[in-house]
Amino acid sequence: MRLSVAWARRAMDWMLLWAASLLVPRSEREEWHREWRGELWHVRAACTPAGGPAGASQGQDHGRGQGQDQVTAFCLGAFQDALCLRRAGRAERPPLAGIEGTPRQCLLILAAMLAASYAIALLLPGVCAERSLWPRRMNPNLVMIEQEGVNDDAEATILPAQFRSWQGRKQKYFDGFAFYRVTRQDVGAEQATGGTENQGDQGHYEWNVAHAGANLFTLLGLPVEFSDADARARSDLKEVILSERTWKREFGADAHVAGEVVRFRGQRVRISGVAPDGALGLPGRVDAWMLESDPEAQASGAGYVVAHLTGLGAAEMWTQSVHIVANGPDGAEDILLGISLAEWKPAPGTLYLFAAIVALLALPAITSVSLGESSVNQQKTSWARRILRWSFFTAKAALLLPTIYFVSLDLAYGSTTIGRERAVYLELMSTFAMCLFSMRWMLKDQRQRCPVCLRTVTHPAQVGQASRTFLDWNGTEMMCMGGHTLLHVPSLPTSWFGSQRWLYLDTSWDFLFAGSTRPTP
Amino acid sequence: MPDARLSHTAAMILQALDAGFVYGFSIMEMTGLPSGTVYPAMRRLERDELIRSHWEKQSIADAEQRPPRKYYKLTAAGKVTLEASRKRYPLLERLIPSAEAKSV
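Quick summary incoming for the structure in this document. (Residues numbered from 1 in each chain as written. Chains lettered and ligands numbered in written order. Predicted model: local features only at pLDDT ≥ 70, side-chain atom pairs only at ≥ 80, totals over all residues.)

## With respect to the overall build of chain B
Helix and strand counts for chain B stand at seven helices and two strands. With 104 residues in all, chain B has 33% of them scored as buried. Nonlocal contacts in chain B, meaning residues at least 24 apart in sequence, comprise 62% of its contacts between residues at least 6 apart. (Helix = DSSP H or I, 4+ residues; strand = E, 2+ residues; numbered from the N terminus. Buried ≥ 20, exposed ≤ 12 C-beta atoms within 10 Å, placed from the backbone. Contact = placed C-beta atoms within 7 Å.)

## Let's talk about the interface of chain A and chain B
For an interface, size is often stated in terms of accessible area lost upon the parts coming together. With 17 residues of chain A at the contact, the number on the chain B side is 14 residues. When contributions to the side of chain A that touches chain B are tallied by element, the ones reaching two or more residues are α2 (26-47) and α3 (58-92) of chain A. Its residues assigned to classes, the side of chain A that touches chain B comprises nine nonpolar, four polar and four charged. (Nonpolar A, V, L, I, M, F, W, Y, C, P; charged D, E, K, R; others polar.)

## A closer look at the sheet that holds strand β13 (residues 485-490) of chain A
Residue and element names in this part refer to chain A. The four strands lie next to each other as β11-β12-β13-β14, forming an open sheet whose pairing is antiparallel. Sheet topology places β11 (458-463) and β14 (501-504) at the edges, where each strand pairs with a single neighbour. The average angle at which neighbouring strand axes cross in this sheet is 25 degrees, direction not considered. Bridge count between strand β12 (residues 475-479) and β13: five bridges; the pairing is antiparallel. Within the sheet, the bridge partner assigned to G475 lies in β13 and is P490. (Pairing = 2+ DSSP bridges. Axes fitted to C-alpha atoms, helices over the stretch in contact; angles between N-to-C directions.)

## Concerning the nonpolar core
In summary, soluble globular proteins display a tendency toward joint burial of nonpolar side chains. Among the nonpolar cores identified, the biggest contains 47 residues, and A212, V240, A288, W289, M290 and V305 of chain A are the most heavily contacted of them. The element best represented in this core is strand β2 (residues 174-190) of chain A, accounting for seven residues. Excluding residues within four positions of it along the chain, A288 of chain A makes contact with W207, V209, V240, I241, L242, S243 and T246 of chain A. Listed in part, the 38 residues of the second largest apolar core include L17 and L85 of chain A together with A11 and I51 of chain B. (Core = buried A, V, L, I, M, F, W, Y, C linked by C-beta atoms within 7 Å.)

## With respect to unusual backbone geometry
Leaving glycine aside, a negative phi is the common case for residues, and trans is the common case for peptide bonds. All names here are of chain A. With a phi close to 65 degrees, L454 is a non-glycine residue in the positive phi region. When you line up the elements, L454 lands in the loop between α14 (420-447) and β11. A positive phi angle, near 50 degrees, is found at H459, a position not held by glycine. Within the fold, H459 resides in strand β11.

Structure (structure tokens):
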């Protein structure tokens with residue numbers, strides 16, 4: 001039994017060494033393992049002397065146990081040694097040794113960041129939802145008119161007679177009105193051609209149907225998707241426009257929904273298109289819009305009125321809502337409220353542009369905006385190289401700025417729990433911060449790139465003594481690994497050495513940079 | 001000019017090698033350092049060309065019925081560095097007397 005325990009520990013030691021050897025680079029593994037196996041033999045011989053009698057005393061057993069622990073501790077040290085060799089191997093073999101510090105590497109990394117941020121923006125449902133709303137924003141000059149003092153904005157308060165009286169008068173502040181009223185209706189669906197039941201629960205639904213004047217969608221300026229003017233002209237049925245929500249819920253977002261026929265209270269009507277979700281901002285939670293003549297739309301009951309402001313009216317619209325006094329049909333004054341249908345929220349692109357411009361203006365406060373191109377020996381690079389340098393700078397900006405845009409969208413709209421109002425602030429702040437620090441990085445990176453080959457200068461070395469600042473320059477010297485330039489950055493800017501300078505190296509420096517190619521400055 | 005700014009551990013290992021402890025386990029025993037410290041330190045010293053290693057002949061190991069072991073020795077640069085380290089760590093020689101000191 002004791003023998004089997006000793007063999008088990010011996011096997012464990014071997015396993016430890018073998019496991020540690022897996023960490024060692026393959027080229028060195030065999031020799032490393034051989035050395036540790038040899039050492040282990042000696043360690044075991046020293047710590048657990050063989051020849052202990054089978055019936056050894058308890059004290060001898062205890063000593064042997066301690067020896068075994070020492071052997072195991074020795075084997076565990078192999079992991080540290082293996083990791084040390086592994087790290088050394090990695091340091092000798094940098095993954096991007098060929099392009100490290102080159103402009104190509106920089107542009108590749110920036111392009112990868114742009115692709116990643118764009119891909120994330122495509123994947124995040126919050127960003128997708130927000131993006132789908134961008135082209136569908138309400139006209140900012142539209143207002144919803146309702147009676148003042150109504151607690152519930154969703155309540156229909158305008159009578160058809162009121163609407164007709166306004167429509168008939170010359171208006172100073174409004175140049176267009178549209179009326180709609182909402183009723184709850186049973187709806188049955190059938191195929192336009194065959195008359196069979198369509199998808200849905202037995203083809204019967206109960207919808208909020210808005211009976212609207214024919215000019216409603218023209219006034220709203222919202223496009224109707226899948227609308228076919230020729231088919232509409234050929235059909236003598238009334239037209240109904242589905243809300244996007246209903247289209248998705250009841251018709252499974254079928255792109256061929258236009259032309260299908262549904263029954264509203266037994267009356268056959270033809271689906272002529274789908275209204276975008278922007279129209280859902282109108283009160284009434286409308287599932288479908290039935291476009292009718294004005295007398296039909298205003299047949300009975302209170303409804304909602306959408307009005308379009310003239311230039312004068314828009315100038316009076318200081319806030320989200322405005323009080324309106326209008327003469328009613330009986331000549332009495334109606335006190336009304338006009339509520340803007342446009343969201344106060346600016347478009348993400350506008351917000352981004354604003355934040356980027358503010359960041360650009362703030363940039364000189366945190367860094368020098370100079371590109372640091374002055375040279376010690378008054379040497380200038382060729383025009384071609386200068387154009388290349390500026391092209392690289394422009395390419396960095398062209399990759400970085402869209403990346404910031406997509407990242408800010410990801411941050412602001414990635415989580416649907418934040419809420420759209422807060423998302424605006426988040427987008428603004430994140431865009432500003434990212435623009436500011438990215439522009440700073442762009443300038444700093446550009447200042448540290450050799451004007452000849454655009455590689456980043458490396459190997460910083462401290463030159464001079466701080467105590468001799470007024471006698472000689474002191475600061476940091478970095479070199480281009482292509483052997484073209486040395487960059488001198490003063491530690492303490494003086495009147496005669498205020499900013500960094502490039503020292504262009506002549507051919508006498510070539511011996512230091514064996515194997516480097518030296519294009520002409 | 002060799003860099004004399006070695007760690008105390010590295011200086012102890014150089015001193016132990018100079019004192020005639022020429023393989024990893026003997027250095028461990030002499031210095032009291034664990035294997036996880038001694039072997040990685042020797043890798044670094046070998047990389048910096050302060051020590052070099054060679055394998056024992058197989059025939060010698062076979063004759064003694066044991067596996068061959070890897071021996072280490074100081075290079076010329078290692079000796080210069082050790083001299084500098086002795087000035088930096090004056091107690092080094094008292095801790096591990098060198099071969100010459102022991103013979104005196």
